[in-house]
Structure formats: C-alpha cells, structure tokens
Amino acid sequence: MKDKLTQRLLAALAQAQTDGALPQLTPPAIVLERPRQPEHGELACNLALQLAKPCRMNPRGVAQAILERLGDAGGILQKAEIAGPGFINFHIQPGAWLAVLPQILQEGPDYGRASLGAGKKALVEFVSANPTGPLHVGHGRGAALGDVLARLLRFVGYEVHSEYYINDAGNQMATLGRSLLVRARQLGGSGEEFPDNHYRGEYMRDLAAEYLAMPSQAAVLDMPPDLAVPLAAAWAGDKILQGIKDDLGAFAVGIDTWFSERSLVEKGAVQAAFDELRDRGLLYESEGALWFKATAFGDEKDRVVKRGNGEITYFASDIAYHLDKFRRGYGMLVDVWGADHHGYVPRLKAAMSGLDHPAQDLNIVLVQMVNLLRGGQPVAMSTRAGEFVTLKEVVDEVGSDSARFIFLTRRSEAPLDFDLEVAKQKSMDNPVFYVQYAHTRVKSVLKKAGEAGVPLPDPASANLSPLVLPEEIALARLLGDYPEMVLGAAQNLEPHRVTYYLHELAGAFHSYYNSHHILFEDPPVTTARLVLALAVGAVLAGGLTLLGVSAPEAM
RNA sequence: GCGCCCGUAGCUCAGUGGAUAGAGCGCCGGACUACGAAUCCGUAGGCCGCAAGUUCGAAUCUUGCCGGGCGCACCA
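Residues numbered from 1 in each chain as written. Chains lettered and ligands numbered in written order. Predicted model: local features only at pLDDT ≥ 70, side-chain atom pairs only at ≥ 80, totals over all residues. Heavy atoms only, no water.

Colleague: Mind laying out the packing of helix H4 (residues 100-107) against helix H20 (residues 523-546), listing which residues take part and the relevant values?
Modeller: Relative to each other, H4 and H20 sit at 50°, their axes nearing to 9 Å. Classified by the angle their axes make, H4 and H20 are oblique. The chirality of how H4 crosses H20 is left-handed. Contacts between H4 and H20 involve Leu101, Ile104 and Leu105 from the former and Val531, Leu532, Leu534, Ala535, Ala538 and Val539 from the latter. The residue makeup of the contact of H4 with H20, split by class, is nine nonpolar, no polar and no charged. (Axes fitted to C-alpha atoms, helices over the stretch in contact; angles between N-to-C directions. Helix = DSSP H or I, 4+ residues; strand = E, 2+ residues; numbered from the N terminus. Parallel < 35°, antiparallel > 145°, perpendicular 65-115°, else oblique. Left-handed = near helix turned anticlockwise from the far one by under 90°. Contact = heavy atoms within 4.5 Å. Nonpolar A, V, L, I, M, F, W, Y, C, P; charged D, E, K, R; others polar.)

Colleague: An account of the packing of aromatic side chains is needed here, citing residue identities and associated values.
Modeller: Under the definition given, this model contains 16 aromatic pairs. Relative to Tyr344, the ring of Phe315 lies with its centre 5.9 Å away and its plane at 85°, an arrangement referred to as edge-to-face. Highlighted residues: Phe315 in helix H12 (residues 314-327) and Tyr344 in the loop between strand E11 (332-338) and helix H13 (345-354), separated in sequence by 29 residues. For the pair Phe315 and Tyr344, one class covers both residues: buried. Residues Tyr482 and Tyr501 carry aromatic rings whose centres are separated by 5.6 Å and whose planes lie at 50° to one another, so their mutual orientation is tilted. Of this pair, Tyr482 sits in helix H18 (residues 470-491) while Tyr501 sits in helix H19 (residues 496-515), placing them 19 residues apart in sequence. (Phe/Tyr/Trp six-rings, centres within 6.5 Å; stacked < 30°, edge-to-face > 60°. Buried < 20%, exposed > 50% of the residue type's maximum accessible area, 1.4 Å probe, protein only.)

Colleague: Break down the sheet that holds strand E7 (residues 257-260) for me, citing the residues and quoting the values.
Modeller: Across the sheet, five strands lie side by side as E7-E6-E5-E11-E12; this open sheet has parallel pairing. What marks the edges here is a single partner per strand, and that holds for E7 and strand E12 (362-367). Averaged over all pairs of adjacent strands, the angle between their axes in this sheet comes to 25°, without regard to strand direction. One ladder, built from four bridges, connects strand E6 (residues 159-166) with E7; its direction is parallel. (Pairing = 2+ DSSP bridges.)

Colleague: Outline the protein's contact with RNA strand B, supporting the account with residue identities and numerical values.
Modeller: Looking at RNA strand B, there are 58 residues lining it, with Arg36, Arg307, Arg411, Tyr434 and Ser444 nearest. Ser444 places a polar side-chain atom, nitrogen or oxygen, 2.3 Å from a phosphate oxygen of RNA strand B. Tyr500 is positioned such that a nitrogen or oxygen atom in its side chain is 2.5 Å from a sugar or linking oxygen of RNA strand B. At the level of elements, helix H2 (47-55), strand E4 (87-92), helix H17 (431-451) and H19 are the ones that each hand at least two residues to the surface near RNA strand B. For the surface near RNA strand B, the element with the most residues is H17, which contributes seven residues. Counted by class, the surface near RNA strand B contains 21 nonpolar, 19 polar and 18 charged residues. (Near = heavy atom within 4 Å. Polar contact = N/O pair within 3.5 Å; in protein donor to acceptor, adjacent residues only side chain to side chain.)

Colleague: Please provide a residue-by-residue account of the sheet that holds strand E10 (residues 303-306), values included.
Modeller: The strand order E8-E9-E10 describes an open sheet built from three strands, whose pairing is antiparallel. The open sheet has two edge strands, strand E8 (283-286) and E10, and neither has a second partner. When strand polarity is set aside, the average angle formed by the axes of neighbouring strands in this sheet is 45°. Seen against the sheet, H12 touches strand E9 (289-292) and E10 and runs at an angle of roughly 80° to E10.

The following block contains the structure:
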C-alpha cells in the first residue's frame with residue numbers, strides 16, 4: 001500500500017514540476033506514516049513540510065499543488081486532505097487494504113521475505129563461551145538473540161552462517177585442566193585445598209568422577225603437571241563443549257561452524273595479522289611489549305597485542321579471528337557480546353579499520369544481563385562459587401519456545417527479568433502462550449469448519465467485499481505491516497520488534513474473535529472471514545518461525 | 001576521574017524528527033446456551049529524570065547537570 005501510494009506521489013510531484021507549479025528539485029524520500037488519530041486518515045505524509053523551505057513556498061500551497069495532480073491515486077484513495085501545518089492525510093478505500101490477504105495466502109511462509117541482503121554473505125557469531133563450564137541463562141539470551149538475528153538476516157536476503165568461537169587457546173584452559181586434576185585427586189582422598197580462581201562448580205566434581213572412572217585416564221594423575229594439565233584440559237574441554245552443543249541443540253539453536261581459537265594460532269594467523277599491521281606502521285614496541293595504534297582509529301588508548309613475556313593477548317587473536325572472517329568472504333559481520341565487554345568494541349573496530357575493513361561492516365550487538373526470578377523473587381546465583389542456573393535447567397523447566405520468546409521481549413541492551421513461574425504459565429501473563437494460542441484458534445476454526453462441512457475458500461478468487469468491519473480492515477492493515485516490520489528488525493538487528501508485532505497481531509485477532517463469528521454466518525461472510533483468519537494464521541506462523549518458536553495446531 | 005548503556009503510567013517495558021505518548025502486568029467493574037473464557041470489554045493512572053539549544057515540529061538529535069548499571073589490564 002505504501003509502495004503504491006509512494007509511486008503515485010512521486011508521479012504527481014514530477015507532474016507539478018513539469019507544470020511549473022513547483023520548482024525543479026530532487027524530491028526527498030517519501031515518508032508515509034500511520035497517524036495516531038483516526039480522523040487523520042490511515043496514512044499521512046510530511047512531504048509538503050519538507051519541500052516548503054527549499055521551494056520557498058508555504059507548506060499548504062505545496063501540498064495543494066501535489067494533491068491536484070494526485071487524483072484518487074488509481075482508485076486506492078477515498079479522500080486526501082491537507083491538515084495542520086501541511087500534512088497530507090490520506091483516507092484509503094477500506095477495501096484496498098484487503099488486497100494483501102490473497103497475497104499472504106499465496107506466498108505462505110515466504111510472505112515478508114526481502115532482498116535487502118542481495119545475497120551478500122553475513123556471519124553471525126554468538127555465545128562463544130569458554131568451554132570451561134556449562135552455559136547459563138545469560139548465554140541463553142545471547143543464543144536466542146544470535147540465532148534469531150541469523151534467521152532474520154537470512155529471511156531478508158543475506159547468505160548467513162552462524163558461528164561459535166571456541167576460546168581454547170588461553171590460559172583459562174590450563175586452569176580448567178588443573179581444576180579437574182585437583183578435584184580428581186580430592187576424590188582419591190588427597191585432602192588438598194581447592195585453589196582460588198579455579199572452576200569450583202559442582203559440574204567439575206562430576207567430571208572428575210567420570211575422569212577417574214576411566215582407568216586409562218587415571219594414569220594422568222601421576223604425571224608431572226607439565227604433561228598432565230594439557231591432557232586433562234583437553235579432555236575436560238571436549239567434554240564440556242559437547243555439553244554446550246547438546247544444550248544449544250535442545251534450545252533450537254543452530255550453529256554452522258565451531259571455530260577453534262587454537263586452530264587460528266596454530267596456522268599462524270596471528271603472526272600474519274601482526275605482519276599486516278606492521279606493514280601499515282600500526283605496531284610499535286614499548287616497555288617490552290608490542291602495541292597496536294588503536295588511537296589512530298578512535299580508541300582512547302593504544303592496546304597491547306603481545307605481552308612482555310612473549311604471550312599474545314586475547315585481543316591479538318581476536319584481530320586475527322575477525323580478519324579471518326572477512327577473508328572468508330563475509331561482507332557483514334555480526335557479533336553478539338555480553339554488555340560487560342562494551343569497552344572492548346572501539347579497539348576491535350579500530351583494528352578492523354586499520355586493516356581496511358570499515359567499522360560499519362562489523363556490527364556488535366551488546367546483550368544485557370538476565371535477572372532470574374521465581375514468582376517475583378530473585379533466584380540466588382553466585383558466579384564466584386560457581387553456582388548458577390544453567391541454560392539446560394531453564395529449558396528443561398519452561399521449554400524452548402517459552403524461553404526463546406521471553407528472551408526476545410526486550411531490547412538486547414536492556415536488562416531482562418525472567419520469571420520462571422511466568423514462563424511456565426499458560427495465560428495472558430506469558431506472551432508466548434498468548435501468541436501461540438491465537439494461532440491455535442485459527443487452526444481450531446479451520447478444524448471446526450471441516451467438521452461442519454463448511455468449504456474452505458479459494459483465496460485467489462474469494463470475494464472479500466463482506467469484510468467491512470473496522471476490526472477487519474485494521475487486521476488487514478496490520479498484516480500488511482509485516483514485511484516492513486521484518487525489514488526494520490533485520491536492518492536494526494532488533495528481533496524484539498518481531499515479538500512485539502506478534503503480540504499486537506495476536507491481540508487484535510483475539511479481540512476480533514471474541515466479538516464476531518467466523519463460521520455459521522452467511523456463506524459469503526464466512527468465506528471472506530475464513531480468508532482473513534487464514535492470513536492471520538499464516539503471518540503468526542511465519543513470525544513464530546522467524547523466532548524459532550513453534551506454531552502449534554493445538555495446545 | 002574518563003567512556004558506554006539506561007532514566008517513559010504503581011511495576012516491567014515499547015515507541016527508526018511528526019499531530020491529543022502506547023502495551024502488558026497490577027487495581028476495580030463487567031462478558032460464555034454457536035467457531036477453545038489459556039480469551040475479551042470497560043474505568044483509573046504521565047511536567048517522557050532536570051535545564052537550555054537545533055527547527056515548521058523533540059520522548060526521539062546536540063550540550064550541560066541529576067540518578068542507576070557496566071566498563072576503564074602486558075585478564076579472557
């Protein structure tokens with residue numbers, strides 16, 4: 001609808017210029033908005049306000065010149081009027097909104113698909129937690145966000161892959177190995193203290209017990225630390241990573257590539273990145289360390305890439321890693337990070353800029369913490385003691401659908417309250433059930449229609465003119481908004497727009513359903529309303545699919 | 001001290017420079033003898049943290065304050 005009207009407006013504007021009623025100017029982007037006040041029509045345009053100044057005319061005069069040449073815009077306009085300071089308000093023929101219904105039913109799951117990405121390759125990296133312990137709820141939020149971002153970008157035309165970066169090269173792996181060995185020796189009765197700053201979670205005891213149970217591995221305990229620690233670390237890391245893969249799988253999160261930091265180091269990628277930076281004069285030595293000139297690209301201080309003791313920093317391998325992503329042909333990178341890493345953003349962008357990859361090609365989405373509640377009361381979690389609620393526990397308790405949807409009900413930068421009791425409820429309090437219930441209602445109507453022998457309409461030829469109620473036109477308008485909403489969510493990397501939209505659509509349908517009957521009306525009315533209900537069901541299903549949430553037939 | 005994020009109804013939060021700022025929860029009061037009441041309808045509730053500025057127009061952009069969170073490593 002907006003597209004149609006935009007075309008007509010541009011044509012009318014051009015005509016006005018040819019006629020000499022308006023000066024020759026390149027027109028601004030046409031912005032059509034939904035006014036809040038019904039008396040202001042269904043769409044409004046500020047074109048005349050924008051043109052008034054460059055044309056040196058008063059806005060209402062500009063509007064008049066355009067309107068005179070717009071006519072009824074090919075039959076879609078009921079009336080158009082100039083209002084306020086110079087808004088043009090459009091009253092659309094109610095029936096014109098209904099044209100989207102057969103389109104939705106014809107396109108089905110593809111309704112809303114776009115070609116914004118034009119096949120450009122995009123890589124979405126998320127979670128990327130160290131394989132030193134199971135994923136917790138915070139990781140779950142990042143996982144839901146990253147997974148849906150990947151789905152959204154794919155839907156609007158990018159070639160998308162998802163990736164998990166495994167931090168398996170740093171000294172935290174050695175810490176993991178030592179943690180396992182100490183726990184194993186304790187089980188053997190060594191009576192030693194558990195060292196500070198090691199992984200003291202309960203899962204380490206379980207791992208240690210499993211480790212000891214394997215005779216071939218138990219021999220490692222007698223080896224000197226230099227040999228034992230890497231072996232123990234590798235074993236524990238693999239074990240924990242497998243658990244992470246299982247947990248993400250149960251959470252309907254698909255990861256295309258598991259990318260090992262160690263592999264990057266081993267193939268010399270970090271050295272290669274150093275060489276490139278050095279060639280550009282962006283590295284220098286000072287105080288025994290090697291520094292990157294981050295200040296040359298907007299960071300507030302220069303950053304160490306190789307320490308005085310010869311070890312590379314995490315930052316160094318991250319430069320190599322992101323360079324590798326670009327080298328693999330991805331023109332758009334999306335990283336999902338915990339918000340506590342936000343101070344790290346400028347330096348990575350600086351490094352990429354220094355290597356000729358514009359900062360805007362590296363999109364970093366920051367995700368805030370999750371406050372876990374049960375019945376309104378905070379659930380105690382202590383990372384220090386290694387006691388946290390895992391993603392698996394949450395998914396097991398409330399289900400993947402509920403957890404995913406609720407994780408996406410807030411902007412990622414805003415902290416999220418996640419109440420386990422609410423997430424389990426089957427009521428209005430729980431937005432995912434509210435939306436899924438709307439979908440099952442559509443399915444239920446169809447089932448009933450089948451039982452009652454009511455024929456299903458052919459969307460292509462059905463007569464929709466019986467749809468005259470304001471609620472019906474409003475539903476059609478809302479359905480027509482879906483493609484634009486999806487595009488906006490993808491462009492701005494904001495999946496929460498989808499959850500909000502679905503909640504609104506579900507609400508509009510629930511309300512309609514409660515006050516009007518779809519079946520058992522005059523046959524032409526029933527036919528038309530079935531088309532509307534089918535379209536609502538299709539869009540609800542499409543939106544839920546984008547979120548990786550099921551659209552059940554019955555609940 | 002410096003930087004980033006946030007400040008919108010009692011609570012949790014939407015709101016890509018537009019007209020009289022929205023939703024859910026909570027409170028109170030209503031609606032099933034036809035498609036699922038896991039729903040719906042109604043009432044009440046606001047100096048959009050404060051103050052300047054930008055312009056036809058600001059919750060939105062700029063600056064300065066106030067308040068909260070998080071960062072400020074040769075950790076990851």
